[in-house]
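Spelled out, the chains give:
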Amino acid sequence: MNYSLAFANRDVWVYIFIPQDTFQKALLESFLSYLKHFCQYQIIDRIDCARNFNKPNNILIFLVSSLANFKCLEKLRFLDVSLNIVAYFLYTEEFKKVDRKEFRAPIKALSFNIIYPDRYQRGLFYPNNQKIIDTVYYKSVRNKYKNIKIGDDITTYTHLTSKQQFFKIREIGLYFKEMKLNDTDRVAGAIAIRFRNGVLINASRTDKYNITEDRICYVEKYIPKSNEIYWVGTHTPSSETAVAFLAFQDFPFANILLHFHDKRMTYTPQLTQYRTDKYVTYGTPGEAKAIVRKLKETKNFAIAHGHGEFLIASDLAEARAYITKIISMIT
Ligand SMILES: [Zn+2]
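Values in this document were obtained by computation on a predicted structure and should not be read as measured data. (Residues numbered from 1 in each chain as written. Predicted model: local features only at pLDDT ≥ 70, side-chain atom pairs only at ≥ 80, totals over all residues.)

Colleague: Run through the sheet that holds strand β8 (residues 146-151), naming residues and quoting values.
Modeller: Read from one edge of the open sheet, 8 strands run β8-β12-β11-β10-β9-β13-β15-β14, paired in mixed fashion. Edge strands, defined here as strands with exactly one partner in the open sheet, are β8 and β14 (301-304). The average undirected angle you get between the axes of adjacent strands in this sheet is 25°. Both strand β10 (residues 198-202) and strand β11 (residues 216-223) contribute to a ladder of 4 bridges, which runs antiparallel. Residue pairing across strands places N202 opposite I216, the latter belonging to β11. Across the sheet, helix α7 (residues 241-250) is in contact with β9 (190-195), β10, β11, β12 (228-232), β13 (256-260) and β15 (308-313); its angle to β10 comes to roughly 145°. Each of β13, β14 and β15 is contacted by helix α10 (residues 316-330), which is oriented at about 135° to β15, the strand it contacts most. (Pairing = 2+ DSSP bridges. Helix = DSSP H or I, 4+ residues; strand = E, 2+ residues; numbered from the N terminus. Axes fitted to C-alpha atoms, helices over the stretch in contact; angles between N-to-C directions. Contact = placed C-beta atoms within 7 Å.)

As structure tokens, then:
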């Protein structure tokens, strides 16, 4: 699926510092050849406060190669109307074992978004070029599906009260909090439960540690061929709706699907058997198929390479037991 068209609604301008060392230069070249399918870019030799980078309604992406370059950017001020993103440009490192204590919180900047590979004390993890494009997409356009809203209120639409199901979703969110399953980005991830012939799922960018009723959507239908989602609610549903829909079709006895980002699990070689062979771009029918294939292979648990975890279960008690088992395998 080509989603560069959605970027075309907003001009994307990428300003790039040429990194100093040769290893990063190779990485840069590979990224540039990838980037040209998505947008225009310009290579610059210094980050200059006097330069006017402001382009209303555009997405500006700066790629930097080091923390020193990042410090130069901090002094820049942008127009509020532009979405500014800084991407670190780093190297790949495979880890022997990943410990949560080693995971470092991402750097935050006041006036712009940052894309960073996952940072650890011993180094940085840069999965691939598609992940950088995906992160820009996630922070700007966000959802890749075609959203077709068919109603505002779930109870009115389905003639069923969804209160009980809402509390179930909220309870799973509190379980995420208890287990720190989504600490790196609380609004990422997804919680879906089977509801009639469809799925109840959190809205996109919902804080999983405190889910409120207005953040729940009912998705009645998903059409993989056109990547269309027919939904009821106030806010657009999670990007992982497609995975939930296809997983519930293939697992008739399952009622919940959980998606979270626990860095201990994502990168550790001890869980290789659960991991997809390659990075799969999020929010597409291709991702949904790749995840469901892995869930079937392992019976219930999959790790999207360089991204995060998916678990299918009949209820929260079963999910809890399985996650406890996974944690015991890596600690
Ligand atoms: Zn995710």
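From this point, things continue past the structure.
Colleague: How would you sum up helix α6 (residues 163-179)? Please name residues and give values.
Modeller: Between the first and last C-alpha of α6 there are 25 Å, a value that for 17 residues agrees with the 24 Å anticipated at 1.5 Å per step. Among the residues of α6, those classed as buried are I169, I172, G173 and F176. Axial view of α6: buried residues confined to an arc of 100°, hence all on one face. Facing away from the buried side of α6 by more than 90 degrees, the exposed set consists of K163, Q164, F167, E171 and E178. Check the buried side of α6 and you find it contacts β9, β10, β11, β13 and α10. The first or second residue beyond α6 is K180, which carries a positive phi of 55°. (Expected span 1.5 Å × (residues − 1). Buried ≥ 20, exposed ≤ 12 C-beta atoms within 10 Å, placed from the backbone. Arc of directions from axis to C-beta.)

Note that every value here comes from positions in space, so none of it alone points to a role or purpose.
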